Protein chains: 2
Amino acid sequence: MRKIKIAKTGLAFPILILTVQTLVSCTKPAVQMESHQKVRLAKLIIDSTQLETYQAMLKEEIEASMRLEPGVMTLYAVAEKDNPAHITILEIYASEDAYKIHLQTPHFIKYKTGTKDMVKSLELVETIPLIPDMKIK
Amino acid sequence: MRKIKIAKTGLAFPILILTVQTLVSCTKPAVQMESHQKVRLAKLIIDSTQLETYQAMLKEEIEASMRLEPGVMTLYAVAEKDNPAHITILEIYASEDAYKIHLQTPHFIKYKTGTKDMVKSLELVETIPLIPDMKIK
């Protein structure tokens, strides 16, 4: 919050400043308010002979992250219908710090070490959300 | 709901049937319950000279869809940080019918016709969600 210097010359001027200040903060675009979020697409290709085991481990990891970590906003994972071994995860963390905490959790470490021989490729794409406060109904 | 035939030979048997029936319906995996959802990744490349206009039109279309259509569960759009003209949208519709309704809305038609010369490529990838009832906190 910026400090507002109150003029001593009367009441009308400070009220005007306060009104403009309020308008500015109310119309600030969502993208600025939420710019601390980390939003990423993880694109994975899994060894298809181990796909079922991989999916079970990923599911366990996501459920633990969502339950235990306030800073994990979502980990929405999908498999392509035509290429089920191609997985994409929309990852939203409240902040870079929340992501760093996530990396050190026992459930993430269990997933990461347990699946390392199942993951044929992993691409991490940093992104900017168009509407940062978008939800799933 | 399947009809349960009540045996006339006593009370124990129908109660057992009812208990098994209840257990089956309670333990049904989420993926079956939600299998009517349509979950898709739309991957677009936009003409970078028109990116700002495109983003404004997409934002308007998404906000209208979320506000006016109960069957649009989310349209989470991201731009790649290193390639801002590369857009990915996680699209979740309540059903195939909800998607068909979406295609006929004035806001979708306005977006589709208004941006047709801005979209250099569009790939629609049908997917299966790992955890269909996943939300964004």
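Everything in this summary refers to the structure shown in the same document. Keep in mind it's a predicted model, so treat the numbers as computed, not measured.

Turning to the overall build of chain A, a few remarks are in order. A tally of regular secondary structure across chain A gives five helices and four strands. Going from the N terminus to the C terminus, chain A shows its helices and strands as α-α-β-α-β-β-α-α-β. In chain A, 69% of the contacts between residues at least 6 apart in sequence involve partners at least 24 apart.

With that settled, consider the sheet that holds strand 2 (residues 72-80) of chain A. With antiparallel pairing, the eight strands of this closed barrel are ordered in space as 1(A)-3(A)-2(A)-4(B)-1(B)-3(B)-2(B)-4(A). Going from strand to strand, the sheet's axes swing by 35° on average, the running direction of each strand aside. By the bridge criterion, eight bridges tie strand 1 (residues 38-46) of chain A to strand 3 (residues 86-93) of chain A in an arrangement that is antiparallel. Looking at strand 3 of chain A, one finds that Leu41 of chain A is bridged to Leu90 of chain A. Relative to the sheet, helix 3 (residues 51-68) of chain A contacts strand 1 and strand 2 of chain A, its axis offset from that of strand 2 of chain A by approximately 160°. Strands in contact with helix 4 (residues 96-103) of chain B are strand 1 (38-46), strand 2 (72-80) and strand 3 (86-93) of chain B; relative to strand 3 of chain B, the strand with the most contacts, it is inclined by about 125°.

Here we come to the interface of chain A and chain B. Each partner contributes to the interface: chain A provides 28 residues, whereas chain B provides 28 residues. Going through the elements one at a time, strand 1, helix 3, strand 2, strand 3 and strand 4 (119-129) of chain A are the ones with two or more residues in the side of chain A that touches chain B. Sorting elements by how many residues they give to the side of chain A that touches chain B places strand 2 of chain A first, with seven residues. Among the residues forming the side of chain A that touches chain B, the class breakdown is 18 nonpolar, four polar and six charged. The pairing of strand 4 of chain A with strand 2 of chain B spans three bridges and is classified as antiparallel. Within strand 2 of chain B, the residue paired with Thr127 of chain A across the bridge is Glu80 of chain B.

How each quantity is defined
- Residues numbered from 1 in each chain as written.
- Chains lettered and ligands numbered in written order.
- Predicted model: local features only at pLDDT ≥ 70, side-chain atom pairs only at ≥ 80, totals over all residues.
- Helix = DSSP H or I, 4+ residues; strand = E, 2+ residues; numbered from the N terminus.
- Contact = placed C-beta atoms within 7 Å.
- Pairing = 2+ DSSP bridges.
- Axes fitted to C-alpha atoms, helices over the stretch in contact; angles between N-to-C directions.
- Nonpolar A, V, L, I, M, F, W, Y, C, P; charged D, E, K, R; others polar.

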